[in-house]
Amino acid sequence: MPDRRRDLPAVEALLNHPELATVDAPRVLKRRAAREVLAAARKELAAVPGAGTTAPGGVSGPNGPAPASVDALAARAAARARGLAQQGLRPLVNATGVVVHTNFGRSVLSPSAQQAAAAAAARYSTLEFDVEHGRRGARLGAVRELLIELTGAEDALVVNNCAAAVLLTLGALAQGREVLVSRGELVEIGGSFRMPDIMSRSGARLREVGTTNKTHREDYIRAIGPDTALMLKVHRSNFVMDGFVSEVGLAELVAIGREHGLPVAEDLGSGALVDLAAHVGHEPTAAESLAAGASVVMFSGDKLLGGPQAGILVGEGALIRRLALDPLARAVRLDKLSIAALEATLRAYLEPERAWAEIPTLRLLARPRRELLAEAGALAQAVGGVSPDLEVTVVEVASRVGGGALPMAPLPSAAVALRPRGGADTVEALEADLRTGEPPIVGRIEEGQLILDMRTLLPGDGEQIVAALAQRAQVRQAGDRS
Ligand SMILES: *Cc1c(COP(=O)(O)O)cnc(C)c1O
């Protein structure tokens, strides 16, 4: 029996087919696309019992389906080549209402932070150069000064992210010795950051204290021994404990530490630089933790701070210097684009009203429902105009802060809700079409509707949503006619 797999075209034949030849992509990627498509076709034919034999007329016969035509294979390869040539990391429309969304890059940078990063990328810079004296300068000079000013710390250090800040602190201050942590604070944040694992990787020994729901002052005191190097407090950023619970507050922990000559470090996680109480709920600030006596406080640059990915450490001069001199600090140092963006972000905080106006994360958190309702009304009207097959309504919803901050603080928000009016369309198909479009538009399905939360839409996003839905309506109408 003849083998149908031999009927498949050669890679070169697909490359020369106009469908693939006209794709604007590097030749290596088109070749890879052609190879992948042919390999898949070969596998398909091998998997079908009776395939590999030719049916009369090349159509699906009793011996299995015919191989796809050369035209169809070339079209598949062209689509694959376009996918390979497309930028992988690209902008997306966040209509989820989760402001600090780790999957979507957490914080959007302020215009001044964007400009600072672009300038540092495009030109040589003063990264580690002291222009006044014409010699090597401090890499974190201005960022360090700003953090000292904004938090009241004696000294500051910035590394790659907060996970690295915790790893560095534990490794440099407690390697081979014990760190006391309450059992109620052995948290996991986003899959790969689990406190016990970071602890063991740092070379410090975890000494668990208290119970899951209750940890008392005596639990810490009983656990202190000659091997104790540090007491660590971890902010429960992504969950709350309620009911029969108690914990030892930071100030009390600091008092215990002072009695026993032990430093207290705090992993704040999100860590705000301004008081969010008026808009979202209270999230501890780094300045508060330092005022309560923490020796080292760690937090992220791209959560509530609203800057680039970074791990910020502020605290006592002697301890921060020890951390800065540790070899691990060099391995987890911050890159120049992030330093530039962080400096510009921190500068806005010198005038808090400027921070609220300029930094997108803060601005989005502060948007009141009435403003969002008005915007939802306008968007709903525009969407209704292009999508006759969708039922479009404005609904009140709750957005979330995200990024491991204030998990229980719902933000009163407004959304446009879309529901296919029946026929063959479904809300799942609608969601998938928007998500896989260009740019991807991501909302959430709730009770048979696609919810597009206004809170996290940036300027221009509404137009993208209208354009995507208009195009979808056109494609579906054309499909109905054919
Ligand atoms: C988010 C978080 C971290 C990790 O911060 P990254 O900047 O993502 O590395 C560590 N600790 C806590 C408590 C957090 O909430």
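A few points on the structure.

The subject of this paragraph is the site of the ligand. Neighbouring residues of the ligand: Arg106, Asn161, Cys162, Ala163, Ile189, Phe193, His235, Ser237, Asp267, Gly269, Ser300 and Lys303. Between the ligand and the protein, one listed contact pairs an oxygen atom with a backbone N or O atom of alanine 163 at 2.8 Å. Protein contacts shield 94% of the accessible area of the ligand, which totals 380 Å² for the unbound molecule. Of all the secondary-structure elements, those providing two or more residues to the shell around the ligand are helix H7 (162-174) and strand S11 (264-269).

If you trace the backbone, alanine 95 turns up in the loop between strand S1 (93-94) and strand S2 (98-100). Accessibility expressed as a relative area gives 0% for alanine 95, which makes it buried. For alanine 95 and aspartate 433, which are 338 residues apart along the polypeptide, the C-alpha to C-alpha distance reads 14 Å. Beyond its immediate sequence surroundings of up to four residues, alanine 95 is in contact with Val442, Gly443, Ile451, Leu452, Asp453, Thr456 and Leu457.

In this structure, S2 lies alongside strand S14 (residues 390-402), joined through two bridges in parallel fashion. Bridging across to S14, valine 100 finds its partner in glycine 402. Pairing of S14 with strand S15 (residues 411-420), which is carried by ten bridges, proceeds in the antiparallel orientation. When the bridges of S15 are listed, leucine 390 appears paired with proline 420.

Bringing the sheet that holds strand S10 (residues 228-234) into the picture now. Read from one edge to the other, the open sheet built from seven strands follows the order S5-S13-S12-S11-S10-S6-S9, with strand pairing classed as mixed. A strand with exactly one partner marks an edge of an open sheet, and here the two such strands are strand S5 (155-159) and strand S9 (205-209). Here the strands of the sheet are splayed against their neighbours by 25° on average, with no regard to which way each runs. Across three bridges, the pairing between strand S6 (residues 178-182) and S10 is parallel. In the sheet register, glutamate 178 faces S10, and the bridge partner there is threonine 228. Across the sheet, H7 is in contact with S5, S6, S10, S11, strand S12 (296-300) and strand S13 (311-315); its angle to S12 comes to roughly 155°.

Thresholds, definitions, all that
- Residues numbered from 1 in each chain as written.
- Predicted model: local features only at pLDDT ≥ 70, side-chain atom pairs only at ≥ 80, totals over all residues.
- Heavy atoms only, no water.
- Near = heavy atom within 4 Å.
- Polar contact = N/O pair within 3.5 Å; in protein donor to acceptor, adjacent residues only side chain to side chain.
- Areas by Shrake-Rupley, 256 points an atom, 1.4 Å probe, with all protein chains shown as cover.
- Helix = DSSP H or I, 4+ residues; strand = E, 2+ residues; numbered from the N terminus.
- Buried < 20%, exposed > 50% of the residue type's maximum accessible area, 1.4 Å probe, protein only.
- Contact = heavy atoms within 4.5 Å.
- Pairing = 2+ DSSP bridges.
- Axes fitted to C-alpha atoms, helices over the stretch in contact; angles between N-to-C directions.

The values reported here are purely geometric and, on their own, carry no functional implication.
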